[in-house]
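This is what each chain is made of:
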Protein chains: 2
Amino acid sequence: MADRRPGGRSERVRLAVLHATLDELGATGYADLTVDAVAERAGVHRTTLYRRWGSAEGLVAEALLFGTEQDWVAPDTGTLEGDLAAMGRELVHYFTTPGLSALPIASISAAFQSPRAAESLRRFYVDRHARSAVVVERAVERGEVPPGTDGPEVIRAATAPVFYRLFISREPVDDAVADTAAHVTAVAAAAGAFVV
Amino acid sequence: MADRRPGGRSERVRLAVLHATLDELGATGYADLTVDAVAERAGVHRTTLYRRWGSAEGLVAEALLFGTEQDWVAPDTGTLEGDLAAMGRELVHYFTTPGLSALPIASISAAFQSPRAAESLRRFYVDRHARSAVVVERAVERGEVPPGTDGPEVIRAATAPVFYRLFISREPVDDAVADTAAHVTAVAAAAGAFVV
């Protein structure tokens with residue numbers, strides 16, 4: 001039986017393979033990603049990868065869920081607008097810094113080519129929305145926004161304009177874009193526009 | 001000299017080729033689009049296409065600008081929120097209706113693979129934002145939102161959540177998503193959040 005304990009051999013192999021998959025995805029993109037290249041990068045025999053993940057698509061689908069295992073925590077600046085701006089700026093940094101942006105861009109792109117990658121991305125964002133929604137809960141507690149404000153929807157509204165410019169309208173993105181979206185969203189939330 | 005008059009032979013060829021390019025893009029996606037397939041679909045000799053557009057990428061880059069030549073007009077429902085909701089619902093319809101969605105999805109996807117396609121998409125959205133901004137101008141005239149409200153930014157905010165769910169978080173999209181985004185944006189705009 002495989003040893004799934006943290007630090008066990010099976011788990012070490014899994015982490016090495018998923019990291020290698022993400023590295024390959026950032027380096028080559030989804031269309032050119034192969035099981036063999038991941039195996040070589042991970043230092044794991046290809047038959048192990050085929051047995052456990054089945055295909056390049058299987059590798060990418062699991063690797064894109066990897067973020068849900070990381071201990072990302074939403075910012076806590078003291079105001080809703082500050083928290084939303086910090087999250088937006090984190091996205092701007094991640095998606096526009098050379099050397100950092102290749103993987104996240106390839107992840108968004110992979111979902112156009114693979115339904116399993118798209119499903120993993122969806123699950124990743126469900127997790128991210130849930131973790132981020134604490135900034136809205138704190139804003140309710142502080143009396144900044146009314147009870148019943150839809151946390152995940154506030155997160156979507158505050159970050160969507162960054163993604164929109166990056167991948168739809170293909171316009172330049174900088175911190176000011178994140179700040180404007182945070183301001184607009186916080187104003188609407190304070191006015192009760194996100195109460196469901 | 002080529003006859004570029006509307007209805008002239010050169011213009012008829014151009015229209016046939018650009019329509020064929022869009023049809024091919026929707027049918028096969030950018031990665032598998034070939035000049036030969038476009039030539040066959042358009043009933044135009046391939047050497048004409050190579051001479052005039054150079055490559056499949058050149059064809060797609062011009063075809064993606066084709067929308068800027070169409071006479072799309074923003075809705076006029078009598079309220080900013082109504083106009084924004086109508087635009088959002090139009091996007092939902094266009095991007096989620098089987099048989100209609102293949103081309104717009106392939107267009108967004110092509111921009112990940114081709115810098116020229118990305119540049120065309122950018123120019124298309126610049127044009128679309130400018131045409132849409134009239135709904136904000138009318139809202140200013142009606143006194144719904146303060147003077148100085150940034151029209152294109154209102155349009156981005158109202159439509160970005162639809163695109164976000166479609167292509168980033170990969171969540172389901174329906175008219176309610178468009179309506180919520182329109183409501184949130186109209187509330188923020190009325191409060192002056194988009195004044196620059």
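Here the structure is a predicted model, which means the values were calculated and not measured.

So, about the packing of helix H7 (residues 115–132) of chain B against helix H8 (residues 134–142) of chain B. Residue and element names in this part refer to chain B. Axis separation between H7 and H8 bottoms out at 5 Å; the angle between their running directions is 25°. Taken together, the axis directions place H7 and H8 in an arrangement best described as roughly parallel. Residues Ala 130, Arg 131 and Ser 132 of H7 lie in contact with H8, whose contacting residues are Val 134, Val 135 and Val 136. Broken down by class, the residue content of the contact of H7 with H8 amounts to four nonpolar, one polar and one charged.

This next bit is on the domain arrangement of chain A. Residues and elements named next belong to chain A. The domain architecture assigned to chain A consists of domain 1 (9–62) and domain 2 (67–190). Just the C-alpha atoms count here: the centres of domain 1 and domain 2 sit 28 Å apart. Domain 1 puts 13 residues into the contact, and the matching count from domain 2 is twelve residues. Interface area for domain 1 against domain 2, summed over the two sides, is near 920 Å², with a carbon-plus-sulfur share of 59%. Contact with domain 2 buries area across many residues of domain 1, yet Tyr 30, Glu 57 and Ala 61 alone supply 45% of it, more than any other trio.

A few words now on the UniProt feature "DNA-binding region" (unreviewed entry) in chain A. On the UniProt side, "DNA-binding region" (unreviewed entry) is annotated at positions that read residues 34–53 of chain A here. Taken end to end, residues 34–53 of chain A is 80% helix and 0% strand, and its first and last C-alpha atoms sit 12 Å apart.

In this structure, A:Arg170 is a non-glycine residue whose phi angle is positive, near 55°. Locating A:Arg170 in the fold gives a position in the loop between helix H9 (151–168) and helix H10 (175–190).

With respect to the element layout, A:Glu24 can be found in helix H1 (residues 9–28). Look past the residues within four positions of A:Glu24 in its chain and what remains in contact with it is A:Gly29, A:Leu33, A:Ala37, A:Val38 and A:Arg41.

With respect to the helices and strands, A:Ile105 occurs in helix H6 (residues 102–113). Measuring from C-alpha to C-alpha, the distance between A:Ile105 and A:Gly58 comes to 19 Å, with 47 residues separating the pair along the chain. The contact partners of A:Ile105, leaving out residues within four places of it in the chain, are A:Phe95, A:Phe167 and B:Phe112.

For the rest of this paragraph, the subject is the interface of chain B and chain A. With 31 residues of chain B in contact, the opposing surface of chain A contributes 31 residues. The interface formed by chain B and chain A contains four salt bridges. Of the charged contacts, one joins A:Glu171 and B:Arg156 as a salt bridge, the two residues approaching to 2.7 Å between their closest N and O atoms. Seen at the junction of chain B and chain A, the total is six residue pairs in polar contact (both at pLDDT 80 or more). Of all the secondary structure elements, the ones that give two or more residues to the side of chain B that touches chain A are helix H6 (102–113), H7, helix H9 (151–167) and helix H10 (175–190) of chain B. Tallying contributions element by element places H9(B) first for the side of chain B that touches chain A, with nine residues. Partitioned by chemical class, the residues of the side of chain B that touches chain A number 19 nonpolar, six polar and six charged.

Okay, the packing of aromatic side chains next. All names here are of chain A. A full pass over the atoms with the stated rule returns 17 aromatic pairs over all chains. Relative to Phe 163, the ring of Phe 95 lies with its centre 5.4 Å away and its plane at 80°, an arrangement referred to as edge-to-face. Of this pair, Phe 95 sits in helix H5 (residues 80–96) while Phe 163 sits in helix H9, and the two are 68 residues apart along the sequence. Classification of Phe 95 by relative accessible area gives buried; the value is 5%. For Phe 163, a relative accessible area of 2% corresponds to the buried category.

Calculation notes
- Residues numbered from 1 in each chain as written.
- Chains lettered and ligands numbered in written order.
- Predicted model: local features only at pLDDT ≥ 70, side-chain atom pairs only at ≥ 80, totals over all residues.
- Heavy atoms only, no water.
- Axes fitted to C-alpha atoms, helices over the stretch in contact; angles between N-to-C directions.
- Helix = DSSP H or I, 4+ residues; strand = E, 2+ residues; numbered from the N terminus.
- Parallel < 35°, antiparallel > 145°, perpendicular 65-115°, else oblique.
- Contact = heavy atoms within 4.5 Å.
- Nonpolar A, V, L, I, M, F, W, Y, C, P; charged D, E, K, R; others polar.
- Domains from an automatic or database assignment.
- Buried area = accessible area lost by both parts, 1.4 Å probe.
- UniProt positions renumbered as here; feature names shortened; annotations may be inferred.
- Salt bridge = Lys/Arg side-chain N within 4 Å of Asp/Glu carboxyl O.
- Polar contact = N/O pair within 3.5 Å; in protein donor to acceptor, adjacent residues only side chain to side chain.
- Phe/Tyr/Trp six-rings, centres within 6.5 Å; stacked < 30°, edge-to-face > 60°.
- Buried < 20%, exposed > 50% of the residue type's maximum accessible area, 1.4 Å probe, protein only.

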